[in-house]
Amino acid sequence: MQVLLLVNRKAGASHAAELIAEAVRLLDRAGFPTTPVGELEELAERSHALHAQGQLRGVVAAGGDGTITAALNRIPHGLPLAVLPLGTENLLARYFHIRRDPAQLVETIVAGHGLDLDMGSANGRLFALMASAGFDAEVVRRVHARRTGNIRHWSYVQPILAAMRNYEYPELRVYCGDSTTGSAAVDSWRARWCFAFNLPCYARGLPIAPSADGTDGRFDVCTLARGSTSRGLWYLANVMLRRHERLADCRTQRAARVRLESDGEVPYQLDGDAAGYLPLELEIIPARMRLLVPPSTRPNAVL
């Protein structure tokens, strides 16, 4: 049984090449011949061919959360995915206690302990963690527009300051429905910020939707109604104190489908990567991801 290892050479770890080489060496020694793959189309072609032949144990995403999302959009449905976290935030890996450790990666693949998790679909593109539109998505857009190499935490400082000076907080129209109930009813309202979480993971560990559950078939949606830099700082303080949901201009809801519209050009982001501009159609795909996790660890929430 073989392993394919998707390598994101722009991931944040400074010693990524050494970690990847060690992972390949240990997997080969454990009886899983491993092929590093640097191109997404090559990953798609090889994974589908080997999976059809029954010769593929799984795929390793060696990078950050964006690398995981890129892999999941190209490998066969149900094929196990393992993670070697080499990115800046590594939100999914941190949530499931996956370390930057080739030895733990081998243990994970040998044990084959997997979790079947929901994924989101954003205009047809899969994502694992969360989607958002508004100020934070504008910051992500600016970071990626300036990107020339690896992203570090300080890469966000200038884009955040620039967005604070001139972002206009356009109004968003939010529509939420729950197709899992068989009801056609849709709730709608207006906001300036919108987040939709599949798992409760956000940059710097901010608890925007701490109850999000990757197995319940729904997004945890959080919207904030007012748009200004001062109000944004007020929202941030309340999020950090875990009391934002008590604010009169914060609305939360669980939904299997979400649509976001705006009259302006509003970017959205998926799992920390710039992904396009509104309108945006979000849908939960139940049990779409099979994630291999270390047998000795448990997620931070009961799944």
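Residues numbered from 1 in each chain as written. Predicted model: local features only at pLDDT ≥ 70, side-chain atom pairs only at ≥ 80, totals over all residues. Heavy atoms only, no water.

Draft legend 1. A look at the sheet that holds strand β12 (residues 250-255). Strands sit in the order β12-β11-β10-β7-β14-β15 across an open sheet of six strands; the sheet is antiparallel. What marks the edges here is a single partner per strand, and that holds for β12 and β15 (273-277). For this sheet the average axis-to-axis angle between neighbouring strands, irrespective of direction, equals 20°. One ladder, built from four bridges, connects strand β14 (residues 267-270) with β15; its direction is antiparallel. (Pairing = 2+ DSSP bridges. Helix = DSSP H or I, 4+ residues; strand = E, 2+ residues; numbered from the N terminus. Axes fitted to C-alpha atoms, helices over the stretch in contact; angles between N-to-C directions.)

Draft legend 2. Structural view of the packing of helix α1 (residues 16-29) against helix α5 (residues 102-111). In the contact formed by α1 and α5, the axes pass within 9 Å of each other and the chain directions differ by 40°. Considering the angle they form, α1 stands oblique to α5. Read as a crossing pair, α1 and α5 show a hand that is right-handed. Taken together, the residues of α5 that come into contact with α1 (itself represented by Leu-19, Glu-22, Ala-23, Leu-26 and Leu-27) are Pro-102, Ala-103, Leu-105, Val-106 and Ile-109. Across the contact of α1 with α5, the residue classes tally to nine nonpolar, no polar and one charged. (Parallel < 35°, antiparallel > 145°, perpendicular 65-115°, else oblique. Left-handed = near helix turned anticlockwise from the far one by under 90°. Contact = heavy atoms within 4.5 Å. Nonpolar A, V, L, I, M, F, W, Y, C, P; charged D, E, K, R; others polar.)

Draft legend 3. How the structure looks around unusual backbone geometry. Here the bond from Leu-278 into Pro-279 is cis, since omega is 15°, no more than 30 degrees from zero. Along the chain, Pro-279 turns up in the loop between β15 and β16 (280-292). Phi at Tyr-169 takes a positive value of approximately 55°, unusual for a residue other than glycine. With respect to the secondary-structure elements, Tyr-169 resides in the loop between α7 (157-166) and β8 (172-177). On the accessibility criterion, Tyr-169 (5% relative accessible area) is buried. A positive phi angle, close to 50°, is found at Asp-271, a residue other than glycine. Within the secondary structure, Asp-271 is located in the loop between β14 and β15. The class for Asp-271 is buried, based on a relative accessible area of 5%. (Buried < 20%, exposed > 50% of the residue type's maximum accessible area, 1.4 Å probe, protein only.)

Draft legend 4. Main features of the packing of helix α6 (residues 135-146) against α7. Where α6 meets α7, the closest approach of the two axes is 9 Å, and the angle between their N-to-C directions is 130°. When the interaxial angle is binned, α6 and α7 end up oblique. Like other packed secondary-structure pairs, α6 and α7 cross with a definite hand, here right-handed. On the side of α6, the interface is formed by Phe-135, Glu-138, Val-139, Arg-142, Val-143 and Arg-146, while α7 contributes Gln-158, Pro-159, Ile-160, Ala-162, Ala-163, Met-164 and Asn-166. In the contact of α6 with α7, the residues fall into eight nonpolar, two polar and three charged.

Draft legend 5. Main features of the pairing of strand β7 (residues 130-133). Here β7 shows a buried face lined by Met-130 and Ser-132 and a second buried face lined by Ala-131 and Ala-133. Pairing of β7 with strand β10 (residues 193-197), which is carried by four bridges, proceeds in the antiparallel orientation. Within β10, the position partnered with Ser-132 by the bridge is Phe-195. The pairing of β7 with β14 spans three bridges and is classified as antiparallel.

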